[in-house]
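Commentary on secondary and tertiary structure
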Amino acid sequence: MELGKVHRSSTASDDEEKKLGEEEDDQKLSSQDESKSKKKKLGGIKTMPFILANEICDRFATSGSHANLITYLTQVLNLPLVQASNTLTNFGGTSSLTTLIGALIADSFAGRFWTITVGSILYELGLIAVTLSAVLPGLRPPPCPTQENCKEASGLQLWVLYISLLLTSLGSGGIRPCVVTFAADQFDMSKSRVSNRKWNFFNWYYFSMGMATLTALTTVVYIQDNVGWGWGFGIPAIAMVLSILAFVFGSSLYVKLKPGGSPLTRLAQVIAAAVKKRKSVAPEDPKLLYRNRELDAAITGHGTLVHTDQFKWFDKAAIVTEGEATNLNPPSLWKLSTVHRVEELKCIIRMLPIWAAGILQVTASSHQHSFTIQQARSMDRSITHSFQIPPASLSIFGILTMLSGLVLYERIFVPIARRFTGNPSGITCLQRMGVGFAVNILATVVSSFVEIKRKTVAARHNLLDAPTATIAISVFWLVPQFCLHGVAEVFMSVGHLEFLYDQSPESMRSTAAALYWVSISIGNYIGTLLVTLVHKYTGPENNWLPDRNLNRGRLEHYYWLVSGIQVINFVYYVLCAWFYTYKPLEEVSENEIREEDDQKEVESGGISCKRLNDDNGNGEIELPRKDAV
């Protein structure tokens, strides 16, 4: 009996312990489910008002302060046309070049959220500085309405302007490469999910930016020309403050991906490892190359890059030598790289020729808008008897064309093209960019014919020597070239940005977005060089780009030169696109990751390793993990 009681009591206690254990397991599972559900609640469409509010206000501030800056430099600071135009392109190039620094900071250690925040603050400081330069009389020269024998801005006045432009350039470096990728981080951008969506994120992102630019060109530019430059620069500064507040306010809703370490360091490690093993012979079977998903976990979110046969010399970096296979210590990444890291380098190398094609595209259009504004200032801008359209506001026609083109592209062109190509996007990024290149050539050719027409009318009315006179030709002759530039932007700019995001390694997307702006930077610098050389070597009498009187210039010849550059660049691009190989990606599901993590470690060759099974049941060896740099 007693034994029976003892037996029953011990059994009961065992049952209670099992129940307690089961309850603890249930609690752990429920807590894990809660944490997963919280993670799933982050991101999504609800974050877009905060992120896009930041970018919209930023674009509004940028467009409002820079779109009419050529007028401020030539009419208020009294700078010569070529010097003013080169100032804009130089600082435009600088603001684009700093994006590479911002992207590296974001991808390496700071993350995109804090990079955007700090960049926005720096940009705001620059806007405040340029507003002060417009408000304080001592920071600008005396007015010169005749534009003859004008006193130019002093060194101090120019330095105040340069410092403000430098601050905005540094701020842009933190904002531009990170906002679009940070916004894309809030969605599942894997190919399987993107193909099922009926909308293209990059189209709608660009649409929002276009609306902000349109608002700035219609309101801020009018205020600058008719109310004053203090309010004209002050309103963008206020908009930038609102953008910072909106972005920070939504902080708790964002998906904030942890930076995966310096991408440049990883690329350097692959190159160093390949050089050290340059005499080694890579195995014929690429599955024998080094793989380690645990090591690459921080830089692979939607999938691992698949081995490709291009640039096979870099595969040497992933060769596992006998010494590394028998060494109990984790391998050094400067001596042994994973296949994924090797493929990251290959992706960047493959993208560079396509990326480079965008440089001369920017060179061709870097000065067109500044010259066009000067053309518009000499033409009849009357809409009614009492209202004239500001010269810088002509860009609204390009923006309106771009906005309507994006909607038509998304709703009409893509569904029709999809029926013929079978591509969920209608056409590929490369095809889209190619159309943009061709349309931009046509826009430049039209620009040259319009300038010939403008000068013909000026000669007919004996106004060639009157730079401030109004020529009896409607400013709306300039509208077709703006519309063509808008169409080109729908195809080229959006396609270029989508290409860089889609084809870059996942952990380098901020850096890839920075490449978009770096191409703009280099293009602007080359544009400055081109204009300087044309101005210097076309002579003082028949100069193509004169300092004060555009009527005596040969701007149409400059447009023909630019058209020829674009044609050569288009041929180069077609060749590069023809031979381009798209990035192969192996998308890994959560179930596959769990199964892989559940596999037991085995001893092979004296080191601890994991055996991964592919779809065919073939084993792949992983060496021990070493923390990534």
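The following refers to the structure shown. All values derive from a computational prediction rather than experimental measurement. (Residues numbered from 1 in each chain as written. Predicted model: local features only at pLDDT ≥ 70, side-chain atom pairs only at ≥ 80, totals over all residues. Heavy atoms only, no water.)

1. Details of unusual backbone geometry
How we decide: The numbering of helices and of strands both runs from the N terminus, where a helix is a DSSP run of H or I of at least 4 residues and a strand a run of E of at least 2. Whether a residue is buried, partly exposed or exposed follows from its accessible area with a 1.4 Å probe, protein chains only, as a fraction of its type maximum: under 20%, in between, or over 50%, in that order.
With a phi close to 60 degrees, Asn78 is a non-glycine residue in the positive phi region. Of note, Phe311 is a non-glycine position whose phi angle comes to about 50 degrees, a positive value. Within the fold, Phe311 resides in the loop between strand 1 (304–305) and helix 11 (322–326). Residue classification places Phe311 among the partly exposed residues on the basis of a relative accessible area of 34%.

2. Remarks on helix 16 (residues 479–503)
The condition is simple: Each helix should span, by expectation, one fewer than its residue count multiplied by 1.5 Å.
Here helix 16 spans 35 Å end to end across 25 residues, near enough to the 36 Å set by a 1.5 Å rise per residue. The buried fraction of helix 16 amounts to 20 of the 25 residues, a majority that puts the element mostly inside the structure.

3. Considering a nonpolar patch on the surface
Counted only if it meets this: Exposure above 30% relative accessible area and the absence of a salt bridge qualify a residue for a patch, where like charges join within 9 Å and nonpolar side chains (Val, Leu, Ile, Met, Phe, Trp, Tyr) within 5 Å. Residue burial considers only the protein chains on display, and all accessible areas are found by Shrake-Rupley using a 1.4 Å probe. Basic side-chain nitrogens of Lys or Arg form a salt bridge, by our definition, when they fall within 4 Å of a carboxyl oxygen of Asp or Glu.
Where nonpolar side chains cluster on the molecular surface, the patch consists of Ile121, Leu125, Ile128, Leu132, Val135 and Leu136 and spans about 500 Å² of accessible area. When you line up the elements, Leu136 lands in the loop between helix 5 (112–135) and helix 6 (155–185). The exposure class of Leu136 is partly exposed, given its relative accessible area of 41%.

4. Re helix 3 (residues 69–76)
In terms of burial, helix 3 is a largely internal element, seven of the eight residues being buried. If you check which residues of helix 3 are buried, you get Leu69, Ile70, Thr71, Tyr72, Leu73, Thr74 and Val76. After helix 3 finishes, the residue Asn78 shows a positive phi value of roughly 60 degrees.

5. With respect to the nonpolar core
Applied cut-off: Definition of nonpolar core: a set of buried residues of the types Ala, Val, Leu, Ile, Met, Phe, Trp, Tyr and Cys, connected through side-chain atoms within 4.5 Å. Between two residues, a contact is recorded if the distance between any of their heavy atoms is within 4.5 Å.
One finds Tyr72, Ile354, Phe499 and Tyr558 to be the most contacted residues of the largest nonpolar core, which totals 96 residues. A per-element tally of this core places helix 17 (residues 509–537) first, with ten residues. Those residues in contact with Tyr72 that lie beyond four places of it in its chain are Leu77, Ser133, Ala134, Trp229 and Phe233. Ranked by size, the runner-up nonpolar core spans 18 residues in total, among them Tyr290, Leu333, Leu336 and Ile348.

6. Let's talk about the pattern of salt bridges
All told, the structure shown has six salt bridges when counted by the stated rule. Residue Glu344 pairs with Arg266 through a salt bridge whose shortest N-O separation is 3.2 Å. Here the residue Glu344 occupies a position in helix 12 (residues 339–365), and Arg266 occupies one in helix 10 (residues 263–276), the gap between them amounting to 78 residues. A single burial state applies to Glu344 and to Arg266, both of which are buried. The salt bridge involving Arg432 is made with Glu498; its shortest N-O contact spans 3.8 Å. Taken together, the residues span a long stretch of sequence, with Arg432 in helix 15 (residues 429–460) and Glu498 in helix 16 at a distance of 66 residues. In this pair, the class of Arg432 matches that of Glu498, namely buried. Taken together, the shared-partner salt bridges connect Asp315, Glu343 and Lys346 into one network.

7. So, the environment of Val479
Assignment of secondary structure puts Val479 in helix 16. The class for Val479 is buried, based on a relative accessible area of 14%.

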